[in-house]
Amino acid sequence: MSSATLAMPAWARVSERRLEHIMRVTELLDEWAAALRLPPEEAQAWHDAGRYHDALRDAPETELRRLAGDLPEYTTEMLHGPAAAERLQQDGETRIELLDAIRYHTVGSARWGRLGRALYMADYLEPGRKFSRADRAYLASQAPHDFDATFRQVVRARLEWSLREGMRLYPEAVVLWNSVR
Ligand SMILES: [Fe+2]
Ligand SMILES: [Fe+2]
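Here's what I pulled together on the structure shown here. From a predicted model like this one, the values you see are computed outputs, not experimental measurements.

1. Things to note about the coordination of the iron ion (ligand 2)
- Note on the iron ion (ligand 2): its protein donors are His21 (NE2), His53 (NE2), Asp54 (OD) and Asp123 (OD). The metal-donor distances range over 2.1 to 2.2 Å.
- Around the iron ion (ligand 2), the 4 donor atoms are arranged such that angles at the metal cover 83 to 174°; this shape is classified as irregular.
- All donor residues of the iron ion (ligand 2) come from one chain, and their arrangement in sequence is H-x31-H-D-x68-D.
- Residue class for Asp54 comes out buried when judged on its relative accessible area of 4%.

Printed below as a string of structure tokens:
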């Protein structure tokens, strides 16, 4: 599916810039799904994960906290994953793997199957981000061929960045790293 036809739900709260990121993530997931020759249903779920993962990225904090529920340790930036999953469920979305991919994409989950892992990678590796362009482009090209090793590299890179910036490490992210290292 081309990005030009990417339809966001009516409840989405995304800036123009964010929408471009969403389109790039979705395109990358579409590319990987094609390279992996995923069956149509799974490919559609990968596409939808990209399309919906940041649908509430620019929603106000009060709305995000109301939807995300009791997550006092989450910073504002972390809430849009659980909030979007909740909102999708209210819309009748029942694909658990899709919901879990979106719910945990801001922090990571050791319980993910292929879909959650693919979204986590695509979110980081999409070509619009300005840092480490060559390294990330290489990893993006490797993802469909060496999925697990690429995922490990992305988890490592994201945790390294968090440490370097003096950010909090969330327990879910540490458990994820221990499960793949
Ligand atoms: Fe996000
Ligand atoms: Fe994103």
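2. Focus on the environment of Ala45
- With respect to the helices and strands, Ala45 occurs in helix H2 (residues 40-52).
- The class of Ala45 is buried, set by a relative accessible area of 10%.
- Placed 56 residues apart in sequence, Ala45 and Ala101 show a C-alpha to C-alpha distance of 10.0 Å.
- Discounting residues that sit within four places of it in the chain, Ala45 has contacts with Arg95, Leu98 and Leu115.

3. Digging into H2
- Its 13 residues give H2 an end-to-end C-alpha distance of 18 Å, which sits within 8% of 18 Å, the value for a rise of 1.5 Å per residue.
- Among all positions of H2, only Ala45, Trp46, His47, Asp48, Ala49, Gly50, Arg51 and Tyr52 are buried.
- Along its buried surface, H2 packs onto helix H1 (16-35), helix H4 (80-90), helix H5 (96-103), helix H6 (114-125) and helix H8 (147-164).

4. A word on the coordination of the iron ion (ligand 1)
- At the metal site, the iron ion (ligand 1) is ligated by Asp54 (OD), His80 (NE2) and His105 (NE2), and these contacts range over 2.1 to 2.2 Å.
- Mapped onto the sequence, the donors of the iron ion (ligand 1) take the spacing D-x25-H-x24-H.

5. Some words on the nonpolar core
- By size, the foremost hydrophobic cluster in this structure holds 54 residues, and its most contacted members are Trp32, Trp46 and Leu125.
- No other element matches H6, which puts 8 residues into this core.
- Apart from the residues lying within four places of it in its own chain, the contact partners of Leu125 are Leu28, Trp32, Arg136, Leu139, Ala140, Thr150 and Val154.

Quick notes on the rules
Residues numbered from 1 in each chain as written. Chains lettered and ligands numbered in written order. Predicted model: local features only at pLDDT ≥ 70, side-chain atom pairs only at ≥ 80, totals over all residues. Heavy atoms only, no water. Donors = N, O, S within 2.8 Å, 3.2 Å for Na, K, Ca; no water. Tetrahedral: all angles 85-135°; square planar, octahedral: opposite > 155°, others 65-115°. Buried < 20%, exposed > 50% of the residue type's maximum accessible area, 1.4 Å probe, protein only. Helix = DSSP H or I, 4+ residues; strand = E, 2+ residues; numbered from the N terminus. Contact = heavy atoms within 4.5 Å. Expected span 1.5 Å × (residues − 1). Core = buried A, V, L, I, M, F, W, Y, C linked by side-chain atoms within 4.5 Å.

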